[in-house]
Amino acid sequence: MEEKVFHNLENDEIFQRFTEPDFEAKAYATRIIQSHAISQHLAKLAEGINMLDKEIHSQVVQHHEDLLSQATGVETLEGVLQTMQTRIQSLLAAMERIRGRIVEPYNKIVSRTAQLKRMQETCDMLRHVTRIMYLSKRLHSQLQGGAKEVTKAAQTLNELDYLSSRIDFSGIEVIESDRRFIRQARKDVETQAQKMLEQGIEVQNQTQVATALQVFYNLDILDQTVEQIMLQSKTHLSKQIQTALDVNQLTTAVSDRKGGPGRVAGLASSGNTAAFRAALWMNMEKLVDALYSAYSQTFHLQKVLVRKRDAATHTLFIEHMNQVKEGSGNLLQDFWKSMTSLLLTEFNKMAESEL
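Cut-offs and rules
Residues numbered from 1 in each chain as written. Predicted model: local features only at pLDDT ≥ 70, side-chain atom pairs only at ≥ 80, totals over all residues. Heavy atoms only, no water. Helix = DSSP H or I, 4+ residues; strand = E, 2+ residues; numbered from the N terminus. Buried < 20%, exposed > 50% of the residue type's maximum accessible area, 1.4 Å probe, protein only. Contact = heavy atoms within 4.5 Å. Areas by Shrake-Rupley, 256 points an atom, 1.4 Å probe, with all protein chains shown as cover. Expected span 1.5 Å × (residues − 1). Polar contact = N/O pair within 3.5 Å; in protein donor to acceptor, adjacent residues only side chain to side chain. Axes fitted to C-alpha atoms, helices over the stretch in contact; angles between N-to-C directions. Parallel < 35°, antiparallel > 145°, perpendicular 65-115°, else oblique. Salt bridge = Lys/Arg side-chain N within 4 Å of Asp/Glu carboxyl O. Core = buried A, V, L, I, M, F, W, Y, C linked by side-chain atoms within 4.5 Å. Phe/Tyr/Trp six-rings, centres within 6.5 Å; stacked < 30°, edge-to-face > 60°. pLDDT = per-residue confidence, 0-100. Patch = residues over 30% accessible without salt bridge, like charges linked within 9 Å, V, L, I, M, F, W, Y side chains within 5 Å. Left-handed = near helix turned anticlockwise from the far one by under 90°. Nonpolar A, V, L, I, M, F, W, Y, C, P; charged D, E, K, R; others polar.

## A few points about the overall build of the chain
Thought 1: Scanning the chain from terminus to terminus reveals 13 helices and zero strands.
Thought 2: Beginning at the N terminus, the succession of helices and strands in the chain can be written as α-α-α-α-α-α-α-α-α-α-α-α-α.
Thought 3: Sorting the 355 residues of the chain into buried and exposed places 29% on the buried side.
Thought 4: Considering only intrachain contacts with a sequence separation of at least 6, the fraction spanning at least 24 residues in the chain is 70%.
Thought 5: Element-wise, carbon and sulfur atoms account for 56% of the exposed surface of the chain, whose accessible area totals about 24300 Å².

This is the structure we're talking about:
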């Protein structure tokens with residue numbers, strides 16, 4: 001019976017349209033009205049409805065027991081769902097209670113933690129401010145001690161730099177004058193130590209050089225200072241070498257001494273050649289003296305760096321420089337390599353100009 005009903009619906013021209021996926025009731029009704037066969041279609045539809053009602057009744061009669069069991073299962077499922085809904089609501093309510101018990105203590109903990117952090121930062125800043133004021137007073141007395149207290153003053157400045165690097169003290173008026181004094185004191189100490197170092201190297205006084213190097217070590221600028229001293233020495237010698245071996249300047253000097261009205265200045269005559277040689281040897285003697293002096297000063301600086309140890313850490317200054325900046329640590333070797341390279345370059349230039 002079921003297959004017969006479906007067969008009739010699928011093969012019937014009118015009923016077939018109702019099974020189409022894109023069926024639209026309004027479009028179908030419009031076509032019926034336009035065809036002027038309304039009564040025929042209504043009768044046909046009534047017939048189809050009657051056929052489907054009979055089929056539905058037949059299916060209900062045949063599967064009565066199954067439908068009842070399914071209906072009972074639906075009622076049972078509704079009961080289970082209702083129970084689950086009740087438990088879900090209870091769970092949500094319990095979660096809200098737990099949230100209410102947790103959120104408030106959590107917010108209090110967050111607030112107290114923030115307060116504790118701010119109090120710790122404030123205490124830390126107050127300790128630093130107090131320490132800076134104390135060190136500033138100590139620095140005043142150390143600067144009044146002159147060269148005898150300059151290393152201690154540098155150590156105090158190093159600690160002050162460390163304190164200032166950890167916290168921003170801008171806007172704290174109570175130590176503003178101290179901060180200005182500290183900046184000026186650092187400049188004064190660096191200037192005093194620089195003069196002491198230059199003087200000690202010049203006269204080869206180990207005590208002065210060691211004291212100055214200790215100051216720069218305490219200020220944490222030892223390697224930069226030594227590098228700057230060596231650079232200045234190399235630059236000064238470089239200018240002297242270029243001047244001593246400059247053919248144009250030698251020729252001009254000889255011409256100024258031997259030239260005059262009615263005479264042609266130059267090196268064509270044997271007399272001018274001899275004068276040129278004399279001027280060259282004189283420049284070479286001065287240059288050798290300058291090289292020897294610079295080499296002796298570099299050797300003296302190297303000797304102090306190798307022997308001098310920091311009073312607090314007992315670290316050799318030369319070891320500290322090697323740790324901070326990679327290198328051979330031999331100032332003499334680096335100095336002599338630079339000078340020989342420069343001499344070779346200038347001698348080649350002089351030979352080329354003679355050719």
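Additional details are given in the paragraphs that follow.
## Here we look at helix 8 (residues 206-218)
Thought 1: In a regular helix each residue adds 1.5 Å, so 13 residues correspond to 18 Å; helix 8 covers 18 Å between its end C-alpha atoms and thus fits that length.
Thought 2: Among the residues of helix 8, the N-terminal cap falls to N205, whose side-chain oxygen and the backbone nitrogen of T207 are separated by 3.0 Å.
Thought 3: After helix 8 finishes, the residue D220 shows a positive phi value of roughly 65 degrees.

## So, the packing of helix 6 (residues 150-166) against helix 8
Thought 1: With their axes 8 Å apart at the nearest point, helix 6 and helix 8 run at an angle of 10 degrees to one another. Here helix 8 runs roughly parallel to helix 6, going by the angle between their axes. In contact with V150, T151, A154, Q155 and N158 of helix 6, helix 8 contributes T211, Q214, V215 and N218.

## Thoughts on the pattern of salt bridges
Thought 1: A complete count under the given rule lists nine salt bridges for this structure.
Thought 2: Of the charged contacts in the structure, one is a salt bridge between E96 and R99, with a shortest N-O distance of 3.5 Å. Here R99 and E96 lie together in helix 5 (residues 64-144), a separation of three residues that amounts to about one turn.
Thought 3: Residue R99 is classed as partly exposed on the basis of its relative accessible area of 47%.
Thought 4: Between R138 and E159 there is a salt bridge, with its nearest N and O atoms 3.9 Å apart.

## As for the nonpolar core
If you look at soluble globular proteins, the nonpolar side chains tend to sit buried side by side.
Thought 1: In this structure, L197, L213, V226, L301 and L305 are the most contacted members of the largest nonpolar core, which totals 61 residues.
Thought 2: Considering each element in turn, this core owes the most residues, 11 residues, to helix 11 (residues 270-307).
Thought 3: Once residues within four sequence positions are removed from consideration, L213 is found in contact with L197, L222, V226, L301, V304, L305 and F317.

## Re the packing of aromatic side chains
Thought 1: Within this structure, the stated rule accounts for three aromatic pairs.
Thought 2: Centre to centre, the rings of Y217 and F317 are 5.1 Å apart; their planes meet at 20 degrees, and the pair counts as stacked. Here F317 lies in helix 12 (residues 317-324) and Y217 lies in helix 8, a separation of 100 residues in the sequence.
Thought 3: We classify Y217 as buried; its relative accessible area is 15%.
Thought 4: Where Y295 meets F335, the ring centres are 6.3 Å apart and the plane angle is 50 degrees; that geometry is what we call tilted.

## Quick word on the confidence of the model for the chain
Thought 1: Here the chain averages 81 in pLDDT, while 86% of its residues score no lower than 70.
Thought 2: When the criterion is pLDDT under 50, residues 260-270 qualifies, and its contacts beyond four places in sequence or with other chains add up to 10 contacts.

## Side note on the side chain of Q214
Thought 1: Summarising the element assignment, Q214 is placed in helix 8.
Thought 2: If we skip the residues at most four places from it in the chain, Q214 touches T151, K308, R309, D310, A311 and F317.

## Considering a nonpolar patch on the surface
Thought 1: Taken together, the side chains of L77, V80, L81, M84, I88, L91, L92 and M95 make up a nonpolar region of the molecular surface, amounting to roughly 730 Å² of accessible area.
Thought 2: Along the chain, V80 turns up in helix 5.

## A few points about the packing of helix 7 (residues 176-203) against helix 9 (residues 222-244)
Thought 1: Helix 9 packs onto helix 7 with a crossing angle of 50 degrees between their chain directions and a minimal axis gap of 12 Å. Comparing their axes, helix 9 and helix 7 come out oblique. For the pair helix 7 and helix 9, the sense of crossing is right-handed. Mapping the contact onto sequence places Q194, L197, E198 and I201 in helix 7 and T225, I229 and Q232 in helix 9.
Thought 2: Here the contact of helix 7 with helix 9 is built from residues that sort into three nonpolar, three polar and one charged.

## Notes on the environment of K303
Thought 1: Summarising the element assignment, K303 is placed in helix 11.
Thought 2: Taking the C-alpha atoms as reference points, K303 and L331, separated by 28 residues in sequence, lie 9.8 Å from one another.

## Describing the side chain of N218
Thought 1: Secondary-structure assignment places N218 in helix 8.
Thought 2: What makes N218 buried here is its relative accessible area of 8%.
Thought 3: Beyond its immediate chain neighbours, meaning those up to four positions away, N218 contacts T151, A154, Q155, N158 and D310.

## Considering helix 7
Thought 1: Its 28 residues give helix 7 an end-to-end C-alpha distance of 41 Å, which sits within 8% of 40 Å, the value for a rise of 1.5 Å per residue.
Thought 2: Buried within helix 7 we find D178, I182, A185, V189, A193, Q194, M196, L197, G200 and I201.
Thought 3: Trailing helix 7 by a residue or two, Q204 shows a phi angle of about 55 degrees, which is positive.

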